[in-house]
Amino acid sequence: MMARDVLFLLEPLFHDNGRKEYCPECAEIWGVLSYFPDIKTRLDIRYQPIEKPRTELQSLLGSENQNCPTLVLSETSQNVEHSGIVSANGVRFIDNARGIGQYFAQRFGTPFPRGG
């Protein structure tokens, strides 16, 4: 059982396609966390490699659910509206930046993402 929600992000810098890159959606979530740093203390943040399989995500959610960012909800976290919560292997999660932003707004009281 997970005590806190677990946020899976790609490492801030990785090499792919023959160059240095970053994940725009993961950067969006890091931006939200920099605006509202108290959220970081309420999450378990884990970095994933760019290469697949991302074994930790795969073991929790199956091989078809290895996207980052992904927020895996603890068993005690409540469902919130319009955040795109889905489930696999009996685990609830959100696998996109805007949905995670919606969840943060409803769970932690941050502003809502514009357009969401």
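Residue indices begin from 1 for each chain and proceed along its sequence in written order. Selection of residues for local features in this predicted model requires a pLDDT of at least 70, selection of side-chain atom pairs for listing and counting requires 80 or more, and totals for whole chains, interfaces and linings are taken over all residues. Note that the side-chain values use all heavy atoms of the structure and ignore hydrogens as well as water.

It is not clear to me how the pattern of salt bridges should be interpreted in this structure. Could you clarify?
Any two side chains of opposite charge can pair, on the condition that their charged atoms come close. A pair is scored as a salt bridge if a Lys or Arg side-chain nitrogen falls within 4 Å of a carboxyl oxygen belonging to Asp or Glu. Counted under the stated rule, the structure contains 5 salt bridges. Its salt-bridge partner being R107, residue D5 comes within 2.7 Å of it at the nearest N-O pair. Taken as a pair, D5 in strand β1 (residues 5-10) and R107 in helix α3 (residues 97-108) lie far apart in primary sequence, 102 residues in all. The salt bridge partner of R46 is D44, with a shortest N-O separation of 2.7 Å. Burial classification: accessible surface area is computed with a 1.4 Å probe over protein chains only, and a residue below 20% of its type maximum counts as buried, one above 50% as exposed, and the rest as partly exposed. The exposure class of R46 is partly exposed, given its relative accessible area of 26%. Judged by relative accessible area, D44 falls into the partly exposed class, the value being 22%. Salt bridges sharing common partners tie together D44, R46 and E56. Secondary structure follows DSSP: runs of H or I at least 4 residues long count as helices, runs of E at least 2 residues long count as strands, and numbering of each begins at the N terminus.

Before we go on, may I ask you to explain unusual backbone geometry in this structure?
Leave glycine aside and you will find that most residues have negative phi; peptide bonds, for their part, are mostly trans. Of note, the bond from K52 into P53 is cis; its omega dihedral lies within 30 degrees of zero at 10°. Checked against the element boundaries, P53 lands in the loop between β4 (43-48) and α2 (55-61). Cis rather than trans, the peptide bond between C68 and P69 has omega equal to 5°. Following the sequence through the fold, P69 ends up in the loop between α2 and β5 (70-72). A positive phi angle, close to 55°, is found at N17, a residue other than glycine. On the secondary structure map, N17 appears in the loop between β2 (14-16) and β3 (19-21). The class of N17 is exposed, set by a relative accessible area of 62%. Unlike most non-glycine residues, N89 shows phi in positive territory, near 55°.

Sorry, what's going on with the state of the cysteines here?
Two cysteines whose sulfur atoms are joined by a covalent bond form what is called a disulfide. Pairs of cysteine sulfur atoms within 2.5 Å are identified as disulfides in what follows. Enumeration over the complete set of coordinates arrives at 0 disulfides. The thiol of C26 is unpaired, and the distance to the nearest cysteine sulfur, on C23, comes to 3.3 Å. Residue classification places C26 among the buried residues on the basis of a relative accessible area of 3%. The thiol of C68 is not disulfide-bonded; the next cysteine sulfur, from C26, is found 5.4 Å away.

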